[in-house]
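One-letter residues, chain by chain:
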Amino acid sequence: MSGIEQANGHKPLSLAHLVDPNIGRVTRPDPADYRFELADVLRSVVQLRSQAPEDAFSSSYLGTEREGNAILVGEDNLFLTIGYLVAEAEHIVLGSEQAGATRAQVLAYDYETGFGLLRGGSALGARPIALGDTAGFKEKDWLVAAARGGLENAIKAQVVSKREFAGYWEYLLDEAIFTAPPHPHWSGAALIDGDGRLVGLGSLFVQDAAPGGGPSAGNMFVPIDLYKETVDDLLRYGRRPGPSRPWLGIYSVEALGRVLITSISERGPCAGSDVEAGDVVLAVNDAKIESMAQMYRRVWGIGPAGSTVTLRLLRDGEVHTVDVVSADRDRVMKNPRTH
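Residues numbered from 1 in each chain as written. Predicted model: local features only at pLDDT ≥ 70, side-chain atom pairs only at ≥ 80, totals over all residues. Heavy atoms only, no water.

Trainee: Summarise the environment of I71; cite the residues concerned and give the values.
Mentor: Inspection of the secondary structure assignment puts I71 in strand β2 (residues 65-74). Linking I71 and P128, residues 57 residues apart in sequence, is a C-alpha distance of 8.0 Å. Those residues in contact with I71 that sit more than four places away from it in its chain are S44, V45, L78, F79, L80, I129, G188, A189, A190, L198 and L201. (Helix = DSSP H or I, 4+ residues; strand = E, 2+ residues; numbered from the N terminus. Contact = heavy atoms within 4.5 Å.)

Rendered as structure tokens:
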């Protein structure tokens, strides 16, 4: 995924040719096939543009100007989007062809799920979309993946798999939704079931959508069930209450039962330690590590942010043991919020 994954949040309109050269021939949903008014539901998805300051932590890998989608999910102009579009953003504008544009403000960003919540100045002529659940569909079912712009930016997408997803940036979902063909404007897109309900939020373009992670271009959607579990806390506190998960500030990949650290965040806890890019993680606090998911669960199970994490690393044929005092990722981010 070199190049593609770095592009999430970087004006995906310009990336369609990288996703699928045949994207113009994907199947569009036929409104006559649905028991609900498809056009009305699609209006809940609007355009999002945001700008973050140059010195923001996320600007180094997401850029300062970002573009994607937001979905009207509640009364009082409550919009849901994928968090990397609005992380540390100072200026956010939502818009639709029918109702113009409105400024928006970040209410919450949940690092565990990736959800971002916004309050818009208006509903942009749309009604909130109803929320579904991930138990309501299965692999091989056909859903609708929709970006802003109505039917022209909606495609029929098949559920390829529902399985665990581990992201290289210390991110883990017990069950994510993988669909194909890939939508070219995936960031914050809506995944809609046969009853017109929102069941997933667009997060990534992936090349391993198939069951077991086999080669297959597609999108990864975050299940809406996770939003329903956290929305009350996010609206009340702007984040999950309680202790934050420990964060190491590393980026990694896995292959052949090994986890390789590919780079280290310059503002993360591992910066300045004896952890180096290229190290293979053999163990965390003496527990053997064979996958990123296993590593994350082990680190998060040690204690809250601030806990010491002991890494056993393989480098140039030698084993190194390094103690790292973990941190709260939220503390390095600029988070303008109403809370």
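Trainee: Tell me about the packing of aromatic side chains, and please be specific about residues and values.
Mentor: Aromatic ring pairs: the centre-centre distance and the angle between the two ring planes describe each pair. Under the defined criterion, the tally for this structure stands at 13 aromatic pairs. Seen from their ring centres, F57 and W247 are 5.9 Å apart, and the 90 degrees between their planes marks the pair as edge-to-face. You can see F57 sitting in the loop between β1 (45-51) and α3 (59-62) and its partner W247 sitting in the loop between α4 (224-237) and β14 (250-255), a full 190 residues away along the chain. Each member of the pair, F57 together with W247, is buried. Aromatic side chains F115 and Y227 sit 5.9 Å apart centroid to centroid with 85 degrees between the ring planes, which places their arrangement in the edge-to-face category. Pair noted here: F115 is in strand β6 (residues 115-120) and Y227 is in helix α4, with a separation of 112 residues, a long-range link. In textbook terms, an aromatic cluster arises when at least three aromatic residues are bridged by ring pairs, as seen for F165, Y168, W169, Y171, F178 and Y251. (Phe/Tyr/Trp six-rings, centres within 6.5 Å; stacked < 30°, edge-to-face > 60°. Buried < 20%, exposed > 50% of the residue type's maximum accessible area, 1.4 Å probe, protein only.)

Trainee: Outline the nonpolar core, listing residues and values.
Mentor: Of all hydrophobic cores here, the largest spans 59 residues; its most connected members are L94 and M220. Beyond its immediate stretch of four places on either side in the chain, M220 contacts F165, Y171, L173, A176, I177, F178, L201, G202, S203, L204 and V206. Counting residues in hydrophobic clusters, the runner-up holds 21 residues, among them V259, C270, I289 and V324. (Core = buried A, V, L, I, M, F, W, Y, C linked by side-chain atoms within 4.5 Å.)

Trainee: Which residues make up the side chain of S96, and what are the values?
Mentor: On the secondary structure map, S96 appears in strand β4 (residues 91-96). At 3.1 Å, the side chain of S96 forms a polar contact with the backbone nitrogen of A99. The contacts of S96, once residues within four sequence positions are left out, are V46 and L124. (Polar contact = N/O pair within 3.5 Å; in protein donor to acceptor, adjacent residues only side chain to side chain.)

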